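Single-letter residue listing:
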Amino acid sequence: MQTQALPGTKTGEYLGSPSSTPLWANLHRMFERQRMDNPDAYRLIFQGIGLDGIALPTDWTWNPVAVAT
């Protein structure tokens, strides 16, 4: 997964971490690359296929319109 440091920012304390660096990435490109290079990881991470023992709130619904195509 390719990320870049966010221009104009610096590493600092954030949410309990003493050394966090703000990053950015082209998520559409990153997910597509993962889908092509490692489809099992893509299904697990992006689609949740294969996750066992994960409980979602009862009012949670997946909205396929919000997912990058």
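Residues numbered from 1 in each chain as written. Predicted model: local features only at pLDDT ≥ 70, side-chain atom pairs only at ≥ 80, totals over all residues. Heavy atoms only, no water.

Peer 1: Teacher, can you tell me more about a nonpolar patch on the surface here?
Peer 2: Nonpolar side chains collect at one region of the surface, where L44, I45, L51, I54, L56, W60 and W62 lie side by side and expose about 770 Å² of accessible area between them. Tracing the sequence through the fold places W60 in the segment after α2 (39–47). (Patch = residues over 30% accessible without salt bridge, like charges linked within 9 Å, V, L, I, M, F, W, Y side chains within 5 Å. Areas by Shrake-Rupley, 256 points an atom, 1.4 Å probe, with all protein chains shown as cover. Salt bridge = Lys/Arg side-chain N within 4 Å of Asp/Glu carboxyl O. Helix = DSSP H or I, 4+ residues; strand = E, 2+ residues; numbered from the N terminus.)

Peer 1: Which parts of the structure should I look at to understand the pattern of salt bridges?
Peer 2: Should their charged atoms come close, side chains of opposite charge can pair. Inspection of every chain in the model, using the stated rule, returns 3 salt bridges. For D40, the salt bridge goes to R43, with nearest N and O atoms at 2.4 Å. You can see D40 and its partner R43 sitting in helix α2, 3 residues apart, about one turn around the helix. A residue is classified by how much of its surface remains accessible, and D40, at 54% relative accessible area, is exposed. (Buried < 20%, exposed > 50% of the residue type's maximum accessible area, 1.4 Å probe, protein only.)

Peer 1: Would you explain unusual backbone geometry in this entry?
Peer 2: Phi is mostly negative for residues that are not glycine, and the peptide bonds are mostly trans. In this structure, L15 takes a positive phi of about 50 degrees despite not being glycine. Of the residues examined, L15 reaches a relative accessible area of 76% and is grouped as exposed.

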